[in-house]
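Architecture and fold: a report
Residue-level listing of the chains:
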Amino acid sequence: MLRTVASNPIYGKTADNGMTENNFPGRKSFFGQPFRKGLLLLCAVLLSAGYAAAQVFGGNPPSVKWRQINTDTLRVIFPEGLETQARRVAGTATYLNAQVRRSIGDRQRKLDIVLQPRVSYSNGYVALSPFRSEFEGGPAQDPFTLGTLNWMQQLSLHEYRHALQNMNFRAGVGRTLGIVFGDNGQAASTSALIPGWFWEGEAVFMETALSSQGRGRQPAFFDEFRGMYLENKDYPYAKVFNGSYKDRLPDNRYQLGYLMISYGRQQYGMHFWEKIAHEGLLDSRYIHGQEGRKGFKWLHYDIFPLAASLKENTGHKIPGFYRQSFRYYGDRWEQQRKNTSETSTSALPVPRRRAVTDYLYPYPMPDGRVLALRRGFDRTAAIVAVDSAGHTEVLVRPGLPDDTYFSFRGNKIVWSETRPDVRWGWRSYSVIRIFDLSARRTHTLTHRSRLFAPDISADGKHIVALEVGDTLHYALVVLDAATGTSQKRLPNPEGFYYSYPKFSADGTHVYASARDREGKTGLVSVDLQTGRLQRLTPFSWHVTGMPVPAGDYVLYPAAYGAVVNLYAVRLRDHRIFRVTERLRDSYGAAADTAEQRILFSEFQLEGSRLLQTDWNPAAWAPFDTARLAGVQNPYVDEALGQEGGDISAKIPARDFAVTRYKKGQHLFRVHSWSPLPEFPETGIFLQSGNTLNTLQMNAGGGYNFNDKNPFARFQVQYGGWYPMLNATVEEQFHRYEYTSQHRKVVWNETDISGGFTLPFNFSTGRYLRYLSLGANLHADYVRFLPDQHLQGSNYTFTYLAPALQFTNTRFTAPQQFNPRFGQTLLLTYRHSMGGLYATQLTAAATLFFPGLFPTHSLYFDLGYGRRDRREEYLYTDDFIYAAGYEKAPYRQIWRAGVNYQLPLLYPDVGFSWLYLKRVRAQGFFDYSRARLSARAGGDNRMFRSVGGTLYLDVQLFGVLQLPLGIRYSYLLDPDWFYPDRSGRWQLTVPLQF
């Protein structure tokens, strides 16, 4: 995957309200033994569930016309209008499948690739269950993050490597569990046995080795590791692998993976990791293969067999191998340090903070202050004004950004924000927002647009931005800054993708960093009157960033060497000069002509800082553009050459046939037997899900440990229409209860239900806002087993179960475990429709408020429940009781709780497979009153408790974050079932599937 992976088989039955139970948060308790094999099994089960948790279900409207390129090795599925991009993907993937397998293996499996161009972000992934890949959106605005390769080419190189990994890792344990449990068995086992850094590091390596660019050639990709070396921060492997809430670390998959994969191939050759991975999967072909080795005692070394393989092949387990990799790169960075004479700079004063805090994109203000975007581990992003004494004033807080970039001129600030579609998850927008400093007012300028990186003209009347079409065609557009209406669309005959367009001072030209159809980049100037385009710098594989007009020059950051430095191109003759020479990457420059200085942001581990250097063109060093020719292989030149280099010119031209993709003929793909990991129910289900993820089915059975009876269930869910439809047939065997005469009554029960869900996403600005409306109609048929007392008492019971769920929460910073402000509400109602009479209403709400400090949380829990008086039938009790109390036989009940949570420390200690990242404490007081049912006496009861919870935020295997809670509740009133209980200890693990 390029950034995230997602998949979503249905786990669990459909709730009575028509919404799947997976969609609602809840607390569950898990108890287990902390031994190694048990942890590995737990990881496999949880990974299987987590692996299936986030894919977009029913994300495209039925009006989309799908086309396909179908060959014997792959199928590319895409919306009409993307034929050119689909042919490129098919050609590249076909070549990779046939020609680039020497270092991975020769196992084959046909892959479905779905192009999803109508989202405003850049991503991609490969997943099993079923086996497929999705390519999402278009290129990212920031050229330094992912590089500038042709987007479809980069996704093909990276994601198809994941496809080859999945094909060839169906071996050893992966093959065994794949045979037994299908795709989910393979996914869970290979994800548990092969660390995430291997998957992503190897894919980034291949993306780099098979192209003329790739992230392995980008200086920004090494920012964190290079910063660790330069700042003498030798963090252990366990910390880098699991991450930290306290310190900025390299990404534990992409960057960590590339560091180790590239070093391993440089030192041990092309087939090194192929051998390590298969031994890590306990593949007998490798364990007892050519060397005839006996007894691969992997548990002697580590939880991962892969660690044992590394130990036997290199003499180092994973932490030691990581240290060797870091030392290898550190030697290269030390040489760079010796060869660098840093440009003199001074830091702008900003408040010192304990949490990592970045200051980005500085702009000089007319009053002498500096405008910048501030973001931190403990605070969400804000645009602030910083004065000469370091005092900051928050001016505006942007919402969900497409990028951290913003533009400032005069008294206006403009930026773009993401807006999801209300219903369809594979459709989102990028709108322009503008903040007026004089009026202190923000308004949204465009709606349902895909406009990126806006810049406002000096007179404040016009805005220029990049427009991305549904078929991934690009154009610079000029908008009216007052109304948002389009005034001009500039021609783009060369198909450039533009990053960070900027008006010239006189408003006659637009400067931008442009990338061509292959991915080479350079600076261009576009005449707003004629549309004529002029190249200001040579186009090359060396990335160029945001242009900054400054008199006769245009400043810009560029990766012309091992570090991103600032450069300037002189407009009259297009000569290039190096403005800064630094050891760390420099971004987001601004020319302050009044103070004769250049402002820019420089990467630091503790937070990017604002620096200034003198405006002195006479001191700038001329840059020889001949250095831009060719392709660099930094740090691991031998390893990158093992695959034969850039394949783009080697891919044969093929005119792939394009045909209609008939959705109705591809609805069923049975892929897995999967466990049901939702206590009190356990079981196993056969699962089916189609490639477009509009139809999901499961069928199976299990055992309910609360009711102590087996069950069988079939469920189907369809998401291809505006309402999501679902149907369930469930049989429960040998349910039992005791009558008032203590006689055991046993029956079988069949439940047939069908319903709908309307999921809405109203997220805007700084708030994540979701609304779900749904209802299910249930028909229960109860058949009593032979019993003298109840012969002939079988009956059918029908009821309606509508529900509403609403969430409105402010998005959070990394250290914030709860939103600073927000509300959640869940309403469920059940009402019989003939026969027995029974009703039940349950309401639950949570209100979030700011605590005393940015990472503290104050929140209130509210609950209400009501049942009918007749008590002829009792529905499932889903009321959340006061902490420490068992459920009570209520007719009416309500609860109010106040909670306060705060972090205590960030210890960052543990092992690679079990790591403690944070300790936090919660204090609470719960107050509940109930009117008991008639069969329980009908009196009023009070249930109050006070106590606290100590949470240990641990991470398992670098992937799963588990908040282990130890709670003590002091009961101020007698418990209904245990009246002698005065207090209660509980171990909680809030798992949410």
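Each value, and the rule that gives it
- Residues numbered from 1 in each chain as written.
- Predicted model: local features only at pLDDT ≥ 70, side-chain atom pairs only at ≥ 80, totals over all residues.
- Heavy atoms only, no water.
- Helix = DSSP H or I, 4+ residues; strand = E, 2+ residues; numbered from the N terminus.
- Rg over C-alpha atoms; globule rule 2.2 N^0.38 Å.
- Buried < 20%, exposed > 50% of the residue type's maximum accessible area, 1.4 Å probe, protein only.
- Contact = heavy atoms within 4.5 Å.
- Areas by Shrake-Rupley, 256 points an atom, 1.4 Å probe, with all protein chains shown as cover.
- Lys, Arg positive; Asp, Glu negative; His and termini not counted.
- Charge placed at Lys NZ, Arg CZ, Asp CG, Glu CD.
- Salt bridge = Lys/Arg side-chain N within 4 Å of Asp/Glu carboxyl O.
- Core = buried A, V, L, I, M, F, W, Y, C linked by side-chain atoms within 4.5 Å.
- Pairing = 2+ DSSP bridges.
- Axes fitted to C-alpha atoms, helices over the stretch in contact; angles between N-to-C directions.
- Parallel < 35°, antiparallel > 145°, perpendicular 65-115°, else oblique.
- Nonpolar A, V, L, I, M, F, W, Y, C, P; charged D, E, K, R; others polar.
- Patch = residues over 30% accessible without salt bridge, like charges linked within 9 Å, V, L, I, M, F, W, Y side chains within 5 Å.

So, on to the overall build of the protein chain. Across its full length, the protein chain carries 15 helices and 48 strands. Relative to a compact globule of 993 residues, whose C-alpha radius of gyration would be 30 Å, the protein chain shows 30 Å and is just as compact. The principal-axis extent of the C-alpha atoms belonging to the protein chain is close to 105 × 75 × 55 Å. Expressed as a percentage of the 993 residues in the protein chain, the buried residues total 59%. A fraction of 60% describes how many contacts in the protein chain between residues 6 or more apart in sequence connect residues 24 or more apart. Total accessible area computed for the protein chain in this model is approximately 39200 Å², and 53% of it derives from carbon and sulfur atoms. Of the charged side chains in the protein chain, 113 are positive and 89 negative; the average position of the first set lies 2 Å away from that of the second.

This paragraph deals with unusual backbone geometry. Each neighbour pair has its own omega, and for Ser-129 with Pro-130 the value is -5°, a cis peptide bond. Among the secondary structure elements, Pro-130 is positioned in the loop between strand S4 (123-127) and strand S5 (132-136). Phi at Arg-448 is positive, roughly 50°, even though this residue is not glycine. Locating Arg-448 in the fold gives a position in the loop between strand S14 (441-444) and strand S15 (451-456). The class for Arg-448 is exposed, based on a relative accessible area of 58%. A positive phi angle, close to 50°, is found at Ala-453, a residue other than glycine. By the element assignment, Ala-453 lies in strand S15. Look at Ala-453 and you get buried, because its relative accessible area is 4%.

Following the criterion strictly, the structure yields 56 salt bridges and no others. When the shortest N-O distance is used, the salt bridge between Arg-285 and Asp-283 registers 2.9 Å. Its relative accessible area of 46% is what places Arg-285 among the partly exposed residues. The exposure class assigned to Asp-283 is buried, which follows from its relative accessible area of 3%. Between Arg-830 and Asp-878 there is a salt bridge, with its nearest N and O atoms 3.3 Å apart.

Ranked by internal contacts, the top residues of the largest apolar core, which has 117 residues, are Leu-115, Trp-197 and Tyr-322. No other element matches the 8 residues that helix H4 (residues 151-168) contributes to this core. Tyr-322 has contacts with Phe-225, Met-228, Tyr-235, Pro-236, Tyr-237, Val-240, Leu-256, Leu-259 and Met-260, leaving out every residue within four places of it along the chain. In this structure, Tyr-363, Leu-373, Leu-437 and Ala-591 belong to the second largest nonpolar core, which totals 35 residues.

Counting buried positions along helix H8 (residues 223-230) gives 8 out of 8 residues, so the element sits mostly inside the fold. Turning to H8, its buried residues number three or more, namely Asp-223, Glu-224, Phe-225, Arg-226, Gly-227, Met-228, Tyr-229 and Leu-230. In the core, the buried residues of H8 are packed alongside helix H9 (237-242), helix H10 (254-268), helix H14 (318-338) and strand S27 (586-592). Within two residues after H8, Asn-232 carries a phi angle of roughly 55°, on the positive side.

In this section: the environment of Pro-236. Note on placement: Pro-236 falls in the loop between H8 and H9. Expressed as a C-alpha distance, the spacing of Pro-236 and Leu-371, which sit 135 residues apart in the sequence, is 37 Å.

Let's shift gears to the pairing of strand S37 (residues 744-761). The side chains of a regular strand alternate between both faces of the sheet. Judged from the 15 bridges that link them, S37 and strand S38 (residues 767-784) form a sheet pairing that is antiparallel. Across the sheet, Gly-755 pairs through a bridge with Asn-776, a residue of S38. Turn length for the S37-S38 hairpin, with the two strands adjacent in sequence and antiparallel, is 5 residues, and the turn residue Gly-765 shows positive phi of about 55°.

Bringing the packing of H8 against H14 into the picture now. Two numbers describe how H8 lies on H14: the axes approach to 10 Å, and their chain directions differ by 75°. In terms of their interaxial angle, H8 and H14 are classed as roughly perpendicular. Across the interface between the two elements, Phe-225, Arg-226, Met-228, Tyr-229 and Leu-230 from H8 touch Tyr-322, Phe-326, Gly-330, Trp-333, Glu-334, Gln-336 and Arg-337 from H14. Each residue belonging to the contact of H8 with H14 can be placed in one class, and the counts come to 7 nonpolar, 2 polar and 3 charged.

What follows deals with a nonpolar patch on the surface. Taken together, the side chains of Leu-904, Leu-905, Leu-950, Ile-966, Trp-985 and Leu-987 present a nonpolar region at the surface, about 580 Å² in accessible area. Along the chain, the position of Leu-950 falls in strand S46 (residues 940-956).

Hydrogen bonds along the backbone pair up the strands of a sheet, which may run parallel or antiparallel. What the 4 strands build is an open sheet, ordered S15-S16-S17-S18; its pairing is antiparallel. Because the sheet does not close on itself, it has two edges, and the strands there are S15 and strand S18 (486-489). For this sheet, the mean inter-axis angle between neighbouring strands, taken without regard to orientation, is 25°. Sheet topology note: the strand S17 (residues 474-480)/S18 ladder contains 3 bridges and is antiparallel. Residue Val-477 lies in a different strand from S18, and its bridge partner there is Arg-489.

These figures capture arrangement, not role.
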